[in-house]
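# Fold and geometry: a report
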Amino acid sequence: MSRKLLLKNAHIEGIRFFEAYRKNGGYAAVEKALRMTPEELVEQVKTSGLRGRGGAGFPTGMKWSFLAKPEGVPRHLVVNADESEPGTFKDRYLMEYIPHLLIEGMIISSFALGANLSFIYIRGEYSWIPDILEQAIEEAKANGFLGKNILGTGFDLEIFVQRGAGAYICGEETALLESLEGKRGNPRLKPPFPAVKGLWERPTVVNNVETIAAIVPIIELGGEEYAKIGVGKSTGTKLISACGNINKPGVYEIDMTISVEEFIYSDEYCGGIPNGKRLKACIPGGSSVPILPANLLLKTMNGEPRLMNYESLADGGFATGTMMGSGGFEVLDEDQCVVKHTMSLARFYNHESCGQCTPCREGTGWMYRILQKIENGQGTMQDIDLLWDIQSKIEGNTICPLGDAAAWPVAAAIRHFRDEFEWHILNPELCRTQNYGLAGY
Ligand code: NAD
Ligand code: SF4
């Protein structure tokens, strides 16, 4: 059974509200943190080995230590709650059910970073959650944990919630900052990174909701104890939102030592695949990461069980591995058609491209149209090669990672399921009337 750090109190009635949260140990980590120095807090986070939970897995303590500190220039913490990656809904769960965990993590993090004005940027489609967050902020303020002179320490902090307008690209950190400044959410070129020039050109740390929530158990336990949970550079616990062809979709907290097989089949987690169907493939880290067929998903290259962590999921690079990404775990059973699934993702990325760079603006639409042609039984063998060529020219040639995110699913689908693309081309009549999954498996 995985250890619970973030969701340990999720089942308690009323935990969404200050009274129950406080009664169950809430805000004790703030009291502890405010007795430490900001430098000590940054050290604790470094020692914990925490990696960013939004998708990139960048070491949080290192990001914090990059924060520029010019005299007289305010700094900011911005929480990225623009959770829009298809298949990913773990931050929504945290904010909806345990909002004070995020607020508590933000108070500690803002103190460590020297920020007195912090923001939560939340995706527009989560329309009911800003009210929950704003109520939690009001409650924290009424109880002396926000506002002026928090707990008599002289530390001031205000937190504001900003609603997005439904653009996936605003989850990219620099597009988010542009949007927060009131402009169109176009990604900026990096460097400079936000830690040097972020919101209103001020030093800014942008962290994911789960990352900031994890600061609370890190301070409660101490960085060293936190680092003992998990394995290698995958320390602590990770929230996984599981969906697709599984018996028990939902949000699970895992300690990154369990195997992918256990996660899919054990009753503690996904509970297996409905109707005894066979596992065909999985996208384990949100739609941007490569799809893996069952044989590569369950075992690493040297035949060991593949584990639910950053290193094991990536074993073998993109030829035989994938990524932990945002933790959006989508399972496909034997009835699913990979061509159709890839086409649906290509349509999504084409729709969400901001249009600034030619390879992404033109390439995503081109890939979508070719995939549509193949799926409709009108493709040719040359289309598969053309698709491969287009994705390879998008990857690495764009301002922001949306280009890569659009290219990788296509590359992985062709790499691992080329026969399925060929089946569509060789069986135009059949593929107009039925899924490859139903026919070919
Ligand atoms: P990235 O690797 O470019 O950056 C990671 C973080 O580290 C950023 O905050 C960046 O500013 C910081 N950083 C990196 N190098 C730095 C340096 N030298 N100095 C200072 N800071 C530095 O990745 P990214 O663009 O932040 O994220 C990409 C990932 O986002 C993808 O892998 C995908 O999985 C994920 N994603 C998640 C969602 C979601 O809804 N959660 C949506 C889309 C994409
Ligand atoms: Fe915009 Fe796509 Fe370029 Fe990102 S890669 S800046 S989304 S056009």
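Only a predicted model underlies this, so the values are computations on that prediction, with no experimental measurement involved. Here, residues in each chain are numbered from 1, in the same order as that chain's written sequence. The naming scheme follows written order: chains are lettered A onward, ligands numbered 1 onward. Under the rules for a predicted model, residues below a pLDDT of 70 receive no local features and side-chain atom pairs below 80 are neither given nor counted, while totals for whole chains, interfaces and linings still include all residues. As a convention, hydrogens and water are excluded, and side-chain values are obtained from all of the structure's heavy atoms.

## Looking at the packing of aromatic side chains
Under the convention used in this document: Within 6.5 Å between ring centres, the rings of Phe, Tyr and Trp (the latter by its six-membered ring) count as paired, and their orientation is classed by plane angle as stacked under 30 degrees, edge-to-face over 60, tilted in between. To sort residues, take the accessible area from a 1.4 Å probe on protein chains only and compare it with the maximum for the residue type: under 20% means buried, over 50% means exposed, and anything in between is partly exposed.
The final tally for this structure, using the stated rule, is 18 aromatic pairs. On the numbers, 5.4 Å between centres and 80 degrees between planes, the contact of tyrosine 21 with tyrosine 27 is edge-to-face. You can call tyrosine 27 buried: its relative accessible area is 0%. Ring geometry for tyrosine 168 against tyrosine 349: centres 5.9 Å apart, planes inclined by 70 degrees, an arrangement best described as edge-to-face.

## Quick word on the site of ligand 2
The cut-off we apply is this: Here a residue is near a molecule or strand as soon as one of its heavy atoms is found within 4 Å of it. Here the term charged refers only to Asp, Glu, Lys and Arg, the term nonpolar to Ala, Val, Leu, Ile, Met, Phe, Trp, Tyr, Cys and Pro, and the term polar to all other amino acids, Gly among them.
With respect to spatial proximity, 13 residues lie near ligand 2, and among them Cys354, Gln356, Cys357, Cys360 and Cys400 are the closest. Among the residues making up the shell around ligand 2, the classes are represented as eight nonpolar, five polar and no charged.

## Details of the side chain of glutamate 104
Counted only if it meets this: Helix numbering and strand numbering both begin at the N terminus, where a helix is a DSSP run of H or I of at least 4 residues and a strand a DSSP run of E of at least 2. Asp and Glu count as negative and Lys and Arg as positive, but His and the ends of the chain are not part of the count. Counted as salt bridges are all cases of a side-chain nitrogen of Lys or Arg within 4 Å of a carboxyl oxygen of Asp or Glu. Here a polar contact is taken to be a pair of N or O atoms separated by no more than 3.5 Å, where protein atoms must pair a possible hydrogen donor with a possible acceptor and residues adjacent in sequence count only if both atoms sit in side chains. Contact definition: two residues touch when any of their heavy atoms are within 4.5 Å.
Note that glutamate 104 resides in helix 6 (residues 99-113). Notably, glutamate 104 is buried but unbridged: the nearest opposite-charge side chain belongs to arginine 22, and the N-O separation is 6.7 Å. Within the structure, glutamate 104 has its side chain in polar contact with the backbone nitrogen of valine 30 (distance 3.4 Å). Each residue touching glutamate 104, except ones within four places of it in the same chain, is listed here: Tyr21, Gly26, Tyr27, Ala28, Ala29, Val30 and Val216.

## Examining the site of ligand 1
Applied cut-off: The protein chains shown are the only cover counted for residues, whose accessible areas, like all others here, come from Shrake-Rupley with a 1.4 Å probe.
Near ligand 1, the surroundings consist of 18 residues, among which Gly54, Lys63, Ser84, Glu85 and Glu173 are the closest. Between ligand 1 and the protein, one listed contact pairs an oxygen atom with a side-chain N or O atom of lysine 63 at 2.6 Å. One nitrogen or oxygen atom from the main chain of glutamate 85 is found 3.0 Å from an oxygen atom belonging to ligand 1. For ligand 1, the accessible surface in isolation is 850 Å², of which the surrounding protein chains cover 74%.

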